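Residues per chain, in single letters:
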Amino acid sequence: PIFFGRMQESMQLTNRVLANRLTILYGESGVGKSSLLRAGLGRRIATQRGVMAVAHSEPGRPLIAALQESLLASARRAGLAPESGGDLADSVRAVQRALDGPVVLAIDQAEQFFLVYDEEERLEALAQLQRFLNDRSLNLRFVIAIREDALGRLQPLEAILPDVLNVRYRLERLGREAAREAIESPAALYDAHWEPDLVQRLLHDLTDAE
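Residues numbered from 1 in each chain as written. Predicted model: local features only at pLDDT ≥ 70, side-chain atom pairs only at ≥ 80, totals over all residues. Heavy atoms only, no water.

Novice: Can you tell me about the overall build of the protein, naming the residues and giving the values?
Specialist: Per the secondary structure count, the protein includes eight helices and five strands. In sequence order, the secondary structure elements of the protein are arranged as α-β-α-β-α-α-β-α-α-β-β-α-α. For the protein, the C-alpha radius of gyration of 18 Å lies close to 17 Å, the compact-globule estimate for 210 residues. On the principal axes, the C-alpha backbone points of the protein span a range of 55 × 40 × 30 Å. Relative to its full complement of 210 residues, the protein shows a buried share of 44%. Within the protein, contacts between residues at least 6 apart in sequence are counted, and of these 71% link residues at least 24 apart. Counting every atom, the protein has about 11300 Å² of accessible surface; 48% of that belongs to carbon and sulfur. Computed over 25 positive and 30 negative side-chain charges, the separation of the two mean positions in the protein equals 4 Å. (Helix = DSSP H or I, 4+ residues; strand = E, 2+ residues; numbered from the N terminus. Rg over C-alpha atoms; globule rule 2.2 N^0.38 Å. Buried < 20%, exposed > 50% of the residue type's maximum accessible area, 1.4 Å probe, protein only. Contact = heavy atoms within 4.5 Å. Areas by Shrake-Rupley, 256 points an atom, 1.4 Å probe, with all protein chains shown as cover. Lys, Arg positive; Asp, Glu negative; His and termini not counted. Charge placed at Lys NZ, Arg CZ, Asp CG, Glu CD.)

Novice: Mind laying out the environment of G40, listing which residues take part and the relevant values?
Specialist: As for its position among the elements, G40 is in helix 2 (residues 33-47). G40 sits in the buried class, given a relative accessible area of 3%. G40 sits 46 residues away from G86 along the chain, and the two C-alpha atoms are 30 Å apart. Beyond its immediate sequence surroundings of up to four residues, G40 is in contact with F3, S10 and S35.

Novice: If you had to explain the pairing of strand 4 (residues 140-147) to someone new, which residues and values would you point to?
Specialist: Within strand 4, seven of the eight residues are buried, which leaves it mostly tucked inside the rest of the structure. Note: strand 1 (residues 22-27) against strand 4, six bridges, orientation parallel. Paired with T23 across the strands is V143, a residue of strand 4. Where strand 3 (residues 103-107) meets strand 4, five bridges bridge the pair, whose relative direction is parallel. By the bridge assignment, A106 is partnered in strand 4 with V143. (Pairing = 2+ DSSP bridges.)

Novice: I'd love a proper account of the pairing of strand 3, names of residues and values included.
Specialist: Taking burial as the measure, the five residues of strand 3 include five buried ones, the bulk of the element. Alternating positions in strand 3 separate into two faces, V103, L105 and I107 on one and V104 and A106 on the other, with burial throughout. Sheet topology note: the strand 2 (residues 51-55)/strand 3 ladder contains five bridges and is parallel. When the bridges of strand 3 are listed, M52 appears paired with V104.

Novice: Account for the packing of aromatic side chains, naming residues and giving values.
Specialist: Counted under the stated rule, the structure contains two aromatic pairs. Between F113 and Y117, the aromatic rings sit 5.6 Å apart at their centres with planes inclined by 75°, giving edge-to-face as the arrangement. Here a set of aromatic residues connected by ring pairs shows up, and it is made of F113, F114 and Y117. (Phe/Tyr/Trp six-rings, centres within 6.5 Å; stacked < 30°, edge-to-face > 60°.)

Novice: Before we move on, can you summarise helix 1 (residues 7-19) with the specific residues and values?
Specialist: For helix 1, which comprises 13 residues, the first-to-last C-alpha distance of 18 Å matches the rise-based estimate of 18 Å (1.5 Å per residue) to within 8%. Elements in contact with the buried residues of helix 1: strand 1, helix 2, strand 3, strand 4 and strand 5 (168-170). (Expected span 1.5 Å × (residues − 1).)

Novice: Which residues make up the nonpolar core, and what are the values?
Specialist: Residues L67, L71, L105 and F142 are the most contacted members of the largest nonpolar core, which totals 43 residues. In terms of residue count, helix 3 (residues 63-77) provides more of this core than any other element does, six residues in total. When sequence neighbours within four positions are dropped, the list of residues in contact with L71 reads V51, A53, L88, S91, V92, V95, V103 and L105. One finds M52, V54, A106 and A145 within the second-largest nonpolar core, a separate group that totals 16 residues. (Core = buried A, V, L, I, M, F, W, Y, C linked by side-chain atoms within 4.5 Å.)

Novice: Give me the packing of helix 1 against helix 2: which residues, what numbers.
Specialist: Axes are the key here: two packed helices are described by the angle between their axes and the distance separating the axes. The contact between helix 1 and helix 2 brings their axes to 9 Å, and the two run at 65°. By crossing handedness, the relation of helix 1 to helix 2 is classed as right-handed. Residues M7, E9, S10, M11, L13, T14, V17 and L18 of helix 1 form the contact with helix 2, whose participating residues are L36, G40, L41, R44 and I45. (Axes fitted to C-alpha atoms, helices over the stretch in contact; angles between N-to-C directions. Left-handed = near helix turned anticlockwise from the far one by under 90°.)

Novice: Provide a residue-level description of the pattern of salt bridges, including the pertinent values.
Specialist: Inspection of the entire model under this criterion finds twelve salt bridges. Between R170 and E172 there is a salt bridge, with its nearest N and O atoms 2.4 Å apart. Linking D205 and R201 is a salt bridge whose minimum nitrogen-to-oxygen distance equals 3.1 Å. With a gap of four residues between them, D205 and R201 both fall in helix 8 (residues 196-209), about one helical turn apart. In the salt-bridge network here, residues are joined through shared partners; they are E58, R61 and E69. (Salt bridge = Lys/Arg side-chain N within 4 Å of Asp/Glu carboxyl O.)

The analysis is restricted to geometry; functional conclusions fall outside its scope.
Have a look at this one:
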């Protein structure tokens, strides 16, 4: 409810994700990719009677297992009670039967994928992702969010995921008026207000930083 300044980007990313099995979201570090995923895309997927789950690469936890845990948690927050048994495909089907909508699985901070796992673990995760992408019985979409300076690390994966770089969405820095909306609108929801001079100073500093 307090996410402002990215309405256009939220709509564009949602349309791209729903139209494609795999989408790469990328941009500079700190530009707001995680916020756009969770508060922008996730909210819009919910309006489509769908569920979105976000997972990270973590030592000692296979990526597919992390996605399944996140999906089950998201489904419970949506008021569902999916069974925890079975594999990720079983969980996706259970959620889809209950909602009749898309399931979006997002891998955030994907640059960590290359640091956390060894080659064998990466290959196993990618092989499983390929199976899910090829399974047209699943109303399933994947999003990979990655820093722009790490985007090139995805290119060698094309041998396993041939279409990995086909659909991309670059998130730009907030423009001045969008930044103003992101600063002022959340406070206004709670009948609070920024001092105008402070807002101008923040916008000036943000512009200088760029």
